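Given next are the chains, with one letter for each unit.
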Amino acid sequence: MKKLNRRSFIQSAALSGGGFMLSFSYFSSFASSGNTSKAGSGTLHEINGFVKITSDNIIQIMSPNPEGGQGVKTSMPMIVAEELDVDWKQVQVIQADLDTKHFTRQYIGGSQAIHQGWMPLRQAGATARRMLMEAAAKQWQVPVEEVSTSLGILHHKKSGKSAKYGDFASLAALINIPQNTPLKSVKDFSIIGKSKPNVDLKKIVTGQPLFGIDTQVKGMLYAMIVHPPAFGLELKSIINDSSVRKMRGIKDIFPIQVFKDGYEKSFFDTLSFNQVVAIVGNSTWEVMQAKKALQVEWQETKSFTQNRNMLGRKTVENIPAGLENTSQHIAQMAAKKDSLATVRRKDGDVETAFKQAAKIIEKTYYGPYLAHNCMEPMNFFADVKADSANLSGPLQKPELTEQSLSARLGLPLDKINVKMTRLGGGFGKRSYAHWMIEAALISQKVQAPIKLQYTREDDMTSGVYRSTYSATYKAGLDAQNNLIAFHVKAGGIPESPLYPNRFPAGAVDHYLAEEWTIDSNITVGSFRAPRSNFMAAAEQSFLDEVAELAGKDPIDFRLELLQRVAEKPVGKNNEYEPERYAGVLKLVQEKSDWKNIKSTKKVGVSAYFCHDSYAANVIELEMKDGMPVIQKVHSAIDCGIVINPTGARNMVEGGVVDGIGTALFGKMTMEQGVPQHKNFDTYRMIRMNEAPKAMNIHFVNNEIDPSGMGEPAYPPVFAALANALYKATGKRHYSQPFIDNI
């Protein structure tokens with residue numbers, strides 16, 4: 001019997017079982033250009049998925065992107081099902097494996113899955129429906145224009161004929177792919193915009209295996225890694241590996257080098273320690289005991305440079321030597337306040353405007369390193385043989401990581417199969433996934449299937465944190481309390497958080513945005529709403545103070561600036577749409593009853609634009625025993641058309657709770673390169689009784705194509721909380737976490 005890999009299965013399944021499989025593109029029009037293809041052949045564009053309809057009317061819609069709790073496994077198939085015109089109850093959603101032949105951009109991040117997939121997914125569903133209609137018209141010998149569909153049924157009203165989609169699945173597979181298939185009008189949607197439960201809900205609540213950590217394979221061994229205890233250290237020698245090998249259940253102990261020397265790393269090839277020690281044994285417990293007993297000698301690294309290919313942009317990173325400290329970082333960033341920086345945007349004459357200002361305010365904000373702390377620690381399964389590699393686990397960017405693995409193992413992509421499991425949290429950290437390469441190298445060495453499992457301590461101390469940031473804001477008002485000058489100077493270790501073309505850019509005649517960076521050997525990476533999570537906190541906290549200095553209501557002050565952008569914008573590169581930005585502020589103002597509660601309750605407001613969406617929050621709180629009690633959060637979101645309202649609300653609620661917890665408690669500090677928080681006993685997370693007592697979430701109702709949803713609700717929470725705390729305590733917060741200053 002011939003063995004089918006995932007690629008040959010997809011090719012053959014289209015023609016088997018009397019079914020119909022339609023490949024479709026997620027990034028370009030489904031219509032073929034020049035050549036007409038058969039439905040079963042798999043038309044390849046940038047990102048592909050497929051619909052499969054069997055002769056017994058089973059409708060399967062593949063979900064190509066990883067599912068990490070953001071709901072794409074439900075919402076993306078909903079888009080296809082809408083245009084396919086089926087009963088959602090008929091649909092079976094199948095998680096696709098990684099397939100770089102039929103899919104591209106098979107990853108999550110940047111809140112772009114729905115935004116990028118909206119039109120291609122609709123076209124895929126509409127094209128499949130049209131092909132079924134043409135098949136029915138051919139069989140019934142009637143014009144295709146006389147065939148209609150409803151809930152997975154084909155109709156010819158003149159003759160009274162009707163049939164299920166499955167009755168014409170085989171014939172539809174032979175129809176030429178039509179071009180420029182018309183799409184539904186938004187007013188005719190029956191699935192999109194209606195709440196649907198998570199397709200994995202029953203499996204999740206009943207504990208069925210969905211996550212990478214659930215992987216069990218007969219004959220599988222278990223592996224853990226030992227990495228240096230501090231950033232700035234590297235492996236020198238393993239001291240007692242011979243004696244530890246004799247411990248019960250231990251199979252092998254050896255060093256591995258994740259990337260080869262001289263390898264040009266890609267955007268997501270970030271890792272903290274290129275040489276680690278692997279321990280392999282019969283069980284997790286036995287490997288953990290060996291890990292505790294193993295003695296490893298470390299030495300300080302030398303400074304070095306590494307080449308990076310940042311999605312086509314070539315860069316060279318400088319990695320300094322030394323054991324770094326948080327106190328040192330704070331001093332370095334403070335020194336940047338008065339030093340030269342790189343100008344990213346300049347409108348007007350900022351220096352002269354400040355000299356002429358009647359009032360000037362200047363404040364500096366600080367944000368620490370943050371650990372992602374996904375509830376499912378990092379893990380991966382690997383079974384690597386001489387001519388193939390089969391892997392399974394939670395990844396955000398599997399398509400890109402597979403390319404790195406191919407380079408490291410020397411195996412072509414068509415010999416590597418990656419099964420994507422549900423992510424027990426991602427938040428950016430699982431974009432990097434060097435543990436996938438570690439798992440593959442371990443399996444290759446021991447010539448057996450293995451599951452690599454990080455402990456919570458491994459996860460929390462091995463890096464890829466959110467950068468530590470600082471930003472200084474300065475604003476000048478004229479005698480009439482109009483904002484006439486604005487200066488932001490932001491930077492971080494080792495990256496800058498600055499977005500020079502976001503609000504209030506475009507609203508001020510004299511505007512200056514500058515940035516700086518400081519090199520570090522502490523590894524950082526994407527963190528929920530990268531960079532925006534800090535800039536929104538600093539910017540929106542500062543604007544609250546500027547409004548107070550101007551004697552204006554904080555919402556009215558922002559709306560005044562946005563009105564200026566709408567009527568007479570400054571500059572040409574403003575990223576945001578002022579009308580939509582103002583829209584969420586007006587909506588949250590109305591729904592929170594702002595004009596009344598601001599004088600009777602301790603409230604704070606904030607709004608921000610990122611990931612093509614707009615979000616505003618009003619937080620009501622009171623102080624009890626020196627701690628804030630969040631009574632109510634009002635959120636207004638403009639993310640265009642909302643595919644699945646239940647899923648969207650879940651994401652906003654999660655973003656709000658996550659933002660409050662991070663703002664209050666989140667921080668990772670360093671002493672001599674050693675992370676000072678290794679588990680939840682010292683890295684404080686928000687608790688159930690600290691979550692808001694109530695949340696009112698409102699979406700702007702429009703017909704704009706969908707934009708980001710997983711990340712935009714998160715950044716403005718920080719400042720809304722800081723501004724509410726000021727109303728409650730009279731104290732402003734310039735440094736996170738807020739709990740350190742309450």
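Presented here is an overview of the structure given in this document.

The rules behind each value
Residues numbered from 1 in each chain as written. Predicted model: local features only at pLDDT ≥ 70, side-chain atom pairs only at ≥ 80, totals over all residues. Heavy atoms only, no water. Helix = DSSP H or I, 4+ residues; strand = E, 2+ residues; numbered from the N terminus. Rg over C-alpha atoms; globule rule 2.2 N^0.38 Å. Buried < 20%, exposed > 50% of the residue type's maximum accessible area, 1.4 Å probe, protein only. Pairing = 2+ DSSP bridges. Axes fitted to C-alpha atoms, helices over the stretch in contact; angles between N-to-C directions. Contact = heavy atoms within 4.5 Å. Polar contact = N/O pair within 3.5 Å; in protein donor to acceptor, adjacent residues only side chain to side chain. Core = buried A, V, L, I, M, F, W, Y, C linked by side-chain atoms within 4.5 Å. Phe/Tyr/Trp six-rings, centres within 6.5 Å; stacked < 30°, edge-to-face > 60°. Right-handed = clockwise from strand over helix to strand, strands pointing away. 1 Å grid on protein atoms, 1.4 Å probe; cavity = no way out; pocket = protein on both sides within 12 Å on 5 of 7 lines; lining within 4 Å. Points joined across faces, edges and corners; volume = space filled by probe spheres on them. Nonpolar A, V, L, I, M, F, W, Y, C, P; charged D, E, K, R; others polar. Patch = residues over 30% accessible without salt bridge, like charges linked within 9 Å, V, L, I, M, F, W, Y side chains within 5 Å. Areas by Shrake-Rupley, 256 points an atom, 1.4 Å probe, with all protein chains shown as cover. Salt bridge = Lys/Arg side-chain N within 4 Å of Asp/Glu carboxyl O.

**Details of the overall build of the protein**
Then, in step 1: Helix and strand counts for the protein come out as 18 helices and 30 strands.
Then, in step 2: Against the globule reference of 27 Å for 742 residues, the protein gives a C-alpha radius of gyration of 28 Å, in line with a compact fold.
Then, in step 3: Projected onto its principal axes, the C-alpha positions of the protein cover 80 × 75 × 50 Å.
Then, in step 4: By the burial criterion, 60% of the 742 residues in the protein qualify as buried.

**A closer look at the sheet that holds strand β24 (residues 510-517)**
Then, in step 1: Spatial ordering of the open sheet is given by β16-β24-β23-β22-β17, a layout of 5 strands whose pairing is mixed. Taken across any chain shown, the strands that pair with only one partner, and hence form the sheet edges, are β16 (342-347) and β17 (359-367). Averaged over all adjacent pairs, the angle separating strand axes in this sheet is 10°, with direction ignored.
Then, in step 2: Seen against the sheet, helix α8 (residues 326-336) touches β17, β22 (468-477), β23 (483-493) and β24 and runs at an angle of roughly 145° to β23.

**Structural notes on the side chain of N481**
Then, in step 1: Looking at where N481 falls in the secondary structure, it is placed in the loop between β22 and β23.
Then, in step 2: Side chain to side chain, N481 and K359 meet in a polar contact 3.0 Å long.
Then, in step 3: Dropping the residues within four chain positions of it, N481 is found in contact with K359, L549, A550 and K552.

**Details of the nonpolar core**
Then, in step 1: L391, I442, L452, I619, I660 and L721 are the most contacted members of the largest nonpolar core, which totals 85 residues.
Then, in step 2: Per-element tally for this core: the top contributor is helix α17 (residues 645-665), with 8 residues.
Then, in step 3: With residues up to four places along the chain from it excluded, the contact list for L391 reads F380, F381, A382, L405, I416, N417, V418, K419, M436 and A440.
Then, in step 4: With 53 residues, the next largest nonpolar core counts Y469, A507, A513 and I597 among its residues.

**A word on the packing of aromatic side chains**
Then, in step 1: Taken as a whole and judged by the stated rule, the model has 22 aromatic pairs.
Then, in step 2: Pairwise contacts between aromatic rings join Y365, Y473, F486, Y511, F542 and Y734 into one cluster.

**Notes on the pairing of strand β20 (residues 416-420)**
Then, in step 1: The buried count for β20 comes to 4 of 5 residues, which makes it a mostly enclosed element.
Then, in step 2: Bridging between strand β19 (residues 389-393) and β20 involves 5 bridges; their strand directions are parallel. Its bridge partner lying in β20, N390 is registered against N417.
Then, in step 3: For the segment spanning β19, helix α10 (residues 398-409) and β20, crossover handedness is right-handed.

**Considering the environment of V700**
Then, in step 1: Looking at the element boundaries, V700 is found in the loop between β30 (695-699) and α18 (715-729).
Then, in step 2: The exposure class assigned to V700 is partly exposed, which follows from its relative accessible area of 21%.
Then, in step 3: Separated by 449 residues in sequence, V700 and K251 place their C-alpha atoms 58 Å apart.
Then, in step 4: Not counting residues up to four positions away in its chain, the partners in contact with V700 are V584, L587, I637, D638 and G640.

**A look at unusual backbone geometry**
Then, in step 1: Note that the residue after I493, namely P494, is joined by a cis bond; omega there is 0°.
Then, in step 2: When you line up the elements, P494 lands in the loop between β23 and β24.
Then, in step 3: Put simply, Q736 and P737 share a cis peptide bond, and its omega is 0°.
Then, in step 4: As for its placement among the helices and strands, P737 is situated in the segment after α18.
Then, in step 5: Positioned with a positive phi, L311 is a non-glycine residue whose angle comes to about 55°.
Then, in step 6: Although it is not a glycine, H611 sits at a positive phi angle of roughly 50°.
Then, in step 7: Tracing the chain through its elements places H611 in the loop between β25 (602-610) and β26 (613-624).

**Thoughts on empty space enclosed by the protein**
Then, in step 1: In total, this model carries 8 cavities of 30 Å³ or more according to the counting rule given.
Then, in step 2: Lining the largest cavity are Y473, F486, V488, L498, Y499, R502, F503, P504, Y511, M535, E539 and Y608.
Then, in step 3: Looking at the lining of the largest cavity residue by residue, the class counts come to 10 nonpolar, no polar and 2 charged.

**Quick notes on a nonpolar patch on the surface**
Then, in step 1: Residues L201, I204 and V205 make up a contiguous nonpolar surface patch of roughly 260 Å² in combined accessible area.
Then, in step 2: Tracing the backbone through its elements, the reader meets I204 in helix α5 (residues 201-205).
Then, in step 3: Judged by its relative accessible area of 34%, I204 is partly exposed.

**Describing the sheet that holds strand β10 (residues 250-257)**
Then, in step 1: Strands sit in the order β10-β12-β8-β21-β18-β19-β20 across an open sheet of 7 strands; the sheet is mixed. Bordering the open sheet on either side are β10 and β20, each of which pairs with just one other strand. Strand-to-strand twist across the sheet, computed as the mean angle between neighbouring axes with direction ignored, equals 20°.
Then, in step 2: The pairing of β10 with strand β12 (residues 275-281) spans 7 bridges and is classified as antiparallel.

**Regarding the pattern of salt bridges**
Then, in step 1: Under the defined criterion, the tally for this structure stands at 40 salt bridges.
Then, in step 2: Residue R558 is joined to D544 by a salt bridge in which the shortest nitrogen-to-oxygen separation is 3.6 Å. Taken together, the residues span a long stretch of sequence, with R558 in helix α14 (residues 554-567) and D544 in helix α13 (residues 532-550) at a distance of 14 residues. Considered together, R558 and D544 belong to a single accessibility category, that of buried residues.
Then, in step 3: Here the salt bridges do not stand alone but share partners, grouping E67, K73, D200 and R422 into one network.

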